[in-house]
Amino acid sequence: MTTSTRCWLLACGVSLLLPVSTVHAADTHDDSEPQGSTLCTKIPIPCDAVIAHRGASYQAPESTRPAYLLARDLGVDYLELDLQRTKDGVLVAVHDNTLGRNTNVAEVFPDRVDAPVSSFTLDELEQLDAGSWFNASYPDRARDSYSGLKILTLDEVIDIAEDGKNHPGLYIETKVPEQFPGIEEDLREKLATRGWLNDETKSRQAAEKGAVRVGDTPGRVVMQTFSKASLKALETAMPNVPRVLLLWLGKGGIEAAPGKPQGNDESTADYYARQQVASPEAYRSWLDLAKAHGAIGVGPSAVQSEHDGPFSSQFSYMDLAEPWMIGMAHDDGMLVHLYTVDEPADFERYQQRGVDGFFTNRAERLLEFYGHPPQDQDAILKRYGY
Ligand code: G3P
Ligand code: CA
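What counts as what
- Position numbers for residues count from 1 along each chain, tracking the sequence in the order it is written.
- Here chains are named by letter from A upward and ligands by number from 1 upward, in the order in which they appear as written.
- A pLDDT threshold of at least 70 governs which residues receive local features in this predicted model, and a stricter bar of 80 or more applies before side-chain atom pairs are shown or counted, although totals over entire chains, interfaces and linings include all residues.
- Working from all heavy atoms in the structure, the side-chain values ignore hydrogens and water.
- Note on disulfides: each one is a pair of cysteine sulfur atoms within 2.5 Å.
- When accessible area is computed with a 1.4 Å probe and restricted to protein chains, residues below 20% of their type maximum are described as buried, those above 50% as exposed, and intermediate ones as partly exposed.
- The rule for donors is simple: N, O or S, within 2.8 Å of the metal, or within 3.2 Å if the metal is Na, K or Ca. Water isn't counted, so a site may look like it is missing partners.
- Every geometry call rests on angle ranges, with four donors termed tetrahedral when all angles are between 85 and 135 degrees, four termed square planar and six termed octahedral when opposite donors are over 155 degrees apart and all others are between 65 and 115, and everything else termed irregular.
- The helix count covers DSSP runs of H or I at least four residues long, the strand count covers runs of E at least two residues long, and both are numbered beginning at the N terminus.
- Near residues are defined by distance, with any heavy atom within 4 Å of the molecule or strand qualifying the residue.
- Any pair of N or O atoms that falls within 3.5 Å is considered a polar contact. Within protein, one atom must be able to donate a hydrogen and the other to accept it, and sequence-neighbouring residues count only if both atoms are side-chain atoms.
- Only the protein chains shown count as cover for residues, and all accessible areas are computed by the Shrake-Rupley method using a 1.4 Å probe.
- Just so you know the grouping, Ala, Val, Leu, Ile, Met, Phe, Trp, Tyr, Cys and Pro go in nonpolar, Asp, Glu, Lys and Arg go in charged, and all remaining residues, Gly too, go in polar.
- A pair of strands is treated as paired once DSSP finds two or more bridges between them.
- By convention, orient the strands away from the viewer: a clockwise path from the first strand over the helix to the second makes the crossover right-handed.

Q: Tell me what's going on with the state of the cysteines, and back it up with residues and numbers.
A: The full count for this structure, using the stated rule, is 1 disulfide. Sulfur-sulfur distance for the disulfide between C40 and C47 comes to 2.1 Å. Residues C40 and C47 are joined through a disulfide that is right-handed, its torsion about the S-S bond being 95 degrees. Look at C40 and you get buried, because its relative accessible area is 4%.

Shown next as structure tokens:
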């Protein structure tokens, strides 16, 4: 399947409520293989969604300009970002609650290493280097040009989404929303100002023919959250913007079955891998909540088969997308977008189970899995001076 053969509801010129003929990755497989769900034909979200988790974050530092530029030019459907707010009220794309892991905050503000992002002004955040940590952690993917990369504002991510030949959508998570009262309304105002709500994109230049056009469709923004309170606030602030409830097992999430204590030699990934939901009813209750607040889908965690690798280990979690779980969500009319999956064997395994898309750090791999031709990532990065 190529980008141009994908069928976006808007592009197909059909009612959002009518099933349409679309090309699924499964269509390129044997007829004997299970098919994915057809819900994406009724909901304004691409089938087989490619969601670039913090951008193309395997090849470039997460949530930075090269990560989002690369994801956009590779042709992903969505740029994923974690939304936080600075002390002076600016919306920014930062994942962690603190800045120690992926900036040089320890050098610039040594007494604020454990301070929350919300306690920094934009001017202070802009003093940080959000790229050098990547070079140190992943020397095989390091580039001198990554040194000194800046944390991005939401405006800057929107600029990237709008500027290229491809127009990806935005898949925005309200991160630690309890720290940011009213952030859902702030986001609504920003998206409205930028023409990303309702039909306001009509004033923008449409994506080129054959390019990704998710950013020009009613599914251009998807909101995601782990927080029940934020899901409700998003429903109030932006009732017409698709929402996805992220699923987690354990504290603050779905009730977990009692497990054995973690052994001394057990990795975190192995620990997650053997966690189980307490009961189907426990899973059911989160789907009910999602549906009650108009969510169009859920985002469960995935266990990765190669979770001992140097990069994927931090993204291998509990398997909350067992076949019966996916069936339960689909029976409720909700899509299933799985986080965070990087390995082709796992794309295949979960595709067989019928998931509707993946959050991935390896956008290039997932696009290839869905039938797109390979692309030269180095050339794309060099085009932008990286
Ligand atoms: O948003 C989906 C996935 O990104 C959730 O996990 O911690 O990477 O934001 P996290
Ligand atoms: Ca996220």
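That was the structure; now back to the text.
Q: Can you lay out the coordination of the calcium ion (ligand 2) for me, pointing to particular residues and giving the numbers?
A: Here the calcium ion (ligand 2) is held by the protein donor atoms E80 (OE), D82 (OD) and E173 (OE), which lie 2.2 to 2.3 Å from it. Bound by 6 donor atoms, the calcium ion (ligand 2) shows angles of 55 to 156 degrees at the metal and therefore irregular coordination geometry. For the calcium ion (ligand 2), the single-chain donor residues occur in sequence as E-x1-D-x90-E. With D82 in strand β2 (residues 78–85) and E173 in strand β5 (residues 169–174), this residue pair connects regions lying 91 residues apart in the sequence. Side by side, D82 and E173 carry an identical accessibility label, which is buried.

Q: How would you sum up the site of ligand 1? Please name residues and give values.
A: In the vicinity of ligand 1, the contacting residues are H53, R54, E80, D82, H95, E173, K175, Q224, F226, L246, Y339 and F359. H53 is positioned such that a nitrogen or oxygen atom in its side chain is 2.6 Å from an oxygen atom of ligand 1. A total of 280 Å² of accessible area belongs to ligand 1 in isolation, and the protein chains cover 94% of it. Partitioning the shell around ligand 1 into residue classes produces 4 nonpolar, 3 polar and 5 charged.

Q: Go over the pairing of strand β7 (residues 243–246), please, and point to the residues and values.
A: The alternating pattern of β7 places R243 and L245 and V244 and L246 on opposite faces, both of which are buried. Summarising the sheet, strand β6 (residues 221–225) and β7 pair through 3 bridges and their orientation is parallel. The residue bridging T225 from the neighbouring strand is L245, located in β7. Handedness of the crossover joining β6 and β7 through helix α8 (residues 228–237) is recorded here as right-handed. Relative to strand β8 (residues 297–299), β7 is paired through 3 bridges, and the arrangement is parallel.

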